[in-house]
Amino acid sequence: MPSYTPPTKDMQFVLHDVLNISASDIPGYSDLEPDFTSAVLEEAGKLTSAVLAPLNVVGDKEGCRLENGVVYTPPGFKEAFEQVKEGGWTGLDMPEEYGGQNMPYVLGTAVGEFFSGANQAFTMYQGLTHGAASAILAHGTDQQKDTYLPNMVSCEWTGTMNLTEPHCGTDLGLMRTKATPQADGSYKITGQKIFISSGDHDMADNIIHLVLAKIEGGPEGIKGVSLFIVPKFMVNEDGSLGERNGVSVGSIEEKMGIHGNSTCVMNYDDATGFLLGEEHKGMRAMFTMMNEARLGVGMQGLSQAEVAYQNALEYCKDRLQGRAVTGVEAPEKPADPLIVHPDVRRSLMDQKSFAEGARAFILWGATLIDAAHRKDDKDADGLVSLMTPVIKGFLTDQGYDMTVKAQQLYGGHGYIEEWGMSQFTRDARIAMIYEGANGVQALDLVGRKLAQDGGKHVMAFFDLVKNFAKENAGQDAEFDKDFIEPLKAASKDLQAAGMFFMQNGMKNPNHALSGSNDFMHMFGHVCIGLMWAKMGLAAKKALAEGTGDAAFYETKLHTGRYYMARQLPATALHLSRIQSGADTVMALEAANF
């Protein structure tokens, strides 16, 4: 059975050596001293490795089942969920007035990687609840907050988000689910939603569905979409549960992966719903959930890459296969371990350098969210808005690729379910699709985010990279060669791609959109390149000071050099593709494909 070891030491390095969070002026960050975050991460690590990780295979093999309208989760899930609730993990970064601990989002993100790495399907139950609660917190009335949030923060009640319908996914303006106003101010919700993660289960007393629907007589298309709170069980004035609402499970989707999560077809038959936010402004309210969810999905890409890498590394150290080309390295054994071979090393270094870079990228993004929410920093809000499609799209594309690389290192054993490696690949695959498929993320980045606020935020990012390079160049010739110069070159490639879009995209939008996927990947590489330069600087400083684990910091520098030399140059390839324009992409008539 695969194992999972939470990367606590690496997380602490990023939080404190790289991001220096306890010195930040973001409210709440002064409490995040190394001893405190270490204690939190250690406890989260114990729970996730000892309780959740062993259930990952159980969830994959057993799945969920629907019997007489009731969804049952895999064996052990319900008991584990109770342990998660008892530990207060579900409300770590939620407001104290609703039962949370009001910790910064960055700490919730760090803990979240452990949970997702140990058991992605299980963690989705609380993850969707967190997103739904955040939407109610941002857009709900005081009565709605008081009614739903205390039980959602504790996960006595869980939450979902209902967008997709059989005939429409990305184009939500085509939805047919309707909302009919009632005399008492409520609405009757009728329609069907599909692909609803955590749609029903046996681990909570109530499920609070957030449902997109169109109020009869409203505007056409996306401008006529509103968001509604539709509880599985009605909530009485005293907070007790009342009668069953008109919502039911049609079926459980049979999926490629995340079998332990109950992905449901949900039927709404004159279900009672309550408007959340303003009429016809449902997408604005839903995006409170979506942006948070997209960062969380990016983290899923990282988490599956990390756990797959951990297991592949152990296999490559143990599995004997052939001899090192430069001479026998284990003469006492009949063959050398796989890890002696250069191509195996290449694959492992790809995985290691991605996971550690992605971790820093996501935690940096979480600090931007904290700055936006806790100190009303508009620039941070704009920058993380720009980054969201990159975090979601690039990290899940790359994360999936890394699980494939890890599986490949097992040879035939990677294809055999007994070894468990295929689950990481299958579970990672959905992250490229849900919460906005990655092609849509790329279109959002190029079509909307680059020009947002007159291009202010992308220019701020370029300035960030330029200023970092300027401030840290010239001190160390080796560091300049290994980190600063590759970062500057990659950033110039990204700027050149943006210039191509400006010069050609207005005349023919296809020139921009046909290069959007390449641009998203370029942007991701530059972001991780920036993170590796920052991590390299922190490791160099720690070594100069002579404190801490020298081998850890030396390893950081070697891993960073690998990424800068072997991964970051991909920006040149992406730029060449972008500059080739749309002509070859759009040349064929549909009938000629």
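Treat the numbers as computed from the prediction; the structure is a model and nothing was measured.

1. Description of the overall build of the protein
Right, on to step 1. Per the secondary structure count, the protein includes 18 helices and 11 strands.
Right, on to step 2. The C-alpha atoms of the protein give 24 Å as radius of gyration, which agrees with the globular expectation for 593 residues (25 Å, within 12%).
Right, on to step 3. Oriented by its inertia axes, the alpha-carbon framework of the protein measures out at about 80 × 60 × 60 Å.
Right, on to step 4. Counting all 593 residues of the protein, 58% fall into the buried class.
Right, on to step 5. Of all intrachain contacts in the protein linking residues separated by at least 6 positions in sequence, the fraction that spans at least 24 positions is 74%.
Right, on to step 6. When the accessible surface of the protein is summed, it comes to about 24500 Å², and 51% of that surface belongs to carbon and sulfur atoms.
Right, on to step 7. Side-chain charges of the protein comprise 50 positive and 75 negative groups, with the mean position of each set lying 6 Å from the other.

2. Focus: the packing of aromatic side chains
Right, on to step 1. Under the criterion given, the structure shown has 18 aromatic pairs.
Right, on to step 2. Look at tryptophan 89 and phenylalanine 115: their rings are 6.1 Å apart centre to centre, the planes differ by 55°, and that puts the pair in the tilted class. Residue tryptophan 89 is located in the loop between helix H3 (77-86) and helix H4 (105-118), and its partner phenylalanine 115 is located in helix H4; the two are separated by 26 residues in the primary sequence.
Right, on to step 3. Take tryptophan 89: its relative accessible area is 16%, and that puts it in the buried class.

3. Re the side chain of histidine 209
Right, on to step 1. Along the polypeptide, histidine 209 turns up in strand S6 (residues 206-215).
Right, on to step 2. Here the side chain of histidine 209 touches threonine 160 through a polar contact of 2.8 Å, side chain to side chain.
Right, on to step 3. In this structure, histidine 209 is in contact with Thr160, Asn162, Gly199, Phe228, Ile229, Val230, Lys232, Val247, Met266 and Tyr268, ignoring residues within four places of it in sequence.

4. Observations regarding the environment of phenylalanine 115
Right, on to step 1. Residue phenylalanine 115 is classed as buried on the basis of its relative accessible area of 3%.
Right, on to step 2. When the C-alpha positions of phenylalanine 115 and alanine 380 are compared, they lie 27 Å apart, and in sequence the two are 265 residues distant.
Right, on to step 3. Excluding residues within four positions of it along the chain, phenylalanine 115 makes contact with Ala44, Leu47, Thr48, Leu52, Val84, Trp89, Gln120, Thr123 and Gln126.

5. Looking at the nonpolar core
Right, on to step 1. By size, the foremost hydrophobic cluster in this structure holds 140 residues, and its most contacted members are Phe361, Phe461, Phe519 and Phe523.
Right, on to step 2. By residue number, the principal contributor to this core is helix H15 (residues 516-545), which donates 15 residues.
Right, on to step 3. If we skip the residues at most four places from it in the chain, phenylalanine 523 touches Leu386, Met387, Val390, Leu445, Val458, Phe461 and Leu494.
Right, on to step 4. Within the second largest apolar cluster, 34 residues are counted, among which are Met161, Leu276, Met290 and Tyr434.

6. A look at the packing of helix H9 (residues 378-408) against H15
Right, on to step 1. Following both chains from N to C, one finds H9 and H15 inclined at 95°, their axes separated by 9 Å at the closest point. When the interaxial angle is binned, H9 and H15 end up roughly perpendicular. From H9, Leu386, Met387, Pro389, Val390, Gly393, Phe394, Leu395, Asp397 and Gln398 reach across to H15, where they touch Asn517, Met520, His521, Phe523, Gly524, His525, Cys527 and Ile528.
Right, on to step 2. Per-class residue counts for the contact of H9 with H15 are 10 nonpolar, 6 polar and 1 charged.

7. Description of the pairing of strand S5 (residues 187-196)
Right, on to step 1. Relative to S5, strand S4 (residues 178-181) runs antiparallel, the two being bridged by 4 bridges. Considered in S5, the bridge of threonine 180 is made with lysine 188.
Right, on to step 2. Linking S4 to S5, which pair antiparallel, is a turn of 5 residues; within it glycine 185 sits at a positive phi near 95°.
Right, on to step 3. With 7 bridges joining them, S5 and strand S11 (residues 264-275) adopt antiparallel strand pairing. By the bridge assignment for S11, lysine 193 is matched with methionine 266.

8. A few points about the environment of arginine 429
Right, on to step 1. Among the secondary structure elements, arginine 429 is positioned in helix H10 (residues 421-429).
Right, on to step 2. The partly exposed category is assigned to arginine 429, whose relative accessible area is 26%.
Right, on to step 3. In this structure, the C-alpha to C-alpha distance between arginine 429 and lysine 9, residues 420 residues apart in sequence, is 28 Å.
Right, on to step 4. Residue contacts for arginine 429: discarding those within four places in its chain leaves Met256 and Tyr400.

9. Comments concerning the pairing of S6
Right, on to step 1. Counting buried positions along S6 yields 10 of 10 residues, so the element is predominantly enclosed.
Right, on to step 2. Taken together, the 2 bridges between S4 and S6 define a ladder with parallel strand orientation. When the sheet's bridge partners are listed, alanine 179 is paired in S6 with isoleucine 215.
Right, on to step 3. As paired strands, S6 and strand S7 (residues 225-231) are joined by 7 bridges and run antiparallel to one another. Note that in S7 the partner of leucine 210 across the bridge is isoleucine 229.

10. A closer look at the environment of threonine 129
Right, on to step 1. As for its placement among the helices and strands, threonine 129 is situated in helix H5 (residues 120-139).
Right, on to step 2. Judged by its relative accessible area of 1%, threonine 129 is buried.
Right, on to step 3. Sequence separation between threonine 129 and threonine 160 is 31 residues; the distance between their C-alpha atoms is 6.2 Å.
Right, on to step 4. Each residue touching threonine 129, except ones within four places of it in the same chain, is listed here: Met152, Cys155, Trp157, Thr158 and Gly159.

Each value, and the rule that gives it
- Residues numbered from 1 in each chain as written.
- Predicted model: local features only at pLDDT ≥ 70, side-chain atom pairs only at ≥ 80, totals over all residues.
- Heavy atoms only, no water.
- Helix = DSSP H or I, 4+ residues; strand = E, 2+ residues; numbered from the N terminus.
- Rg over C-alpha atoms; globule rule 2.2 N^0.38 Å.
- Buried < 20%, exposed > 50% of the residue type's maximum accessible area, 1.4 Å probe, protein only.
- Contact = heavy atoms within 4.5 Å.
- Areas by Shrake-Rupley, 256 points an atom, 1.4 Å probe, with all protein chains shown as cover.
- Lys, Arg positive; Asp, Glu negative; His and termini not counted.
- Charge placed at Lys NZ, Arg CZ, Asp CG, Glu CD.
- Phe/Tyr/Trp six-rings, centres within 6.5 Å; stacked < 30°, edge-to-face > 60°.
- Polar contact = N/O pair within 3.5 Å; in protein donor to acceptor, adjacent residues only side chain to side chain.
- Core = buried A, V, L, I, M, F, W, Y, C linked by side-chain atoms within 4.5 Å.
- Axes fitted to C-alpha atoms, helices over the stretch in contact; angles between N-to-C directions.
- Parallel < 35°, antiparallel > 145°, perpendicular 65-115°, else oblique.
- Nonpolar A, V, L, I, M, F, W, Y, C, P; charged D, E, K, R; others polar.
- Pairing = 2+ DSSP bridges.

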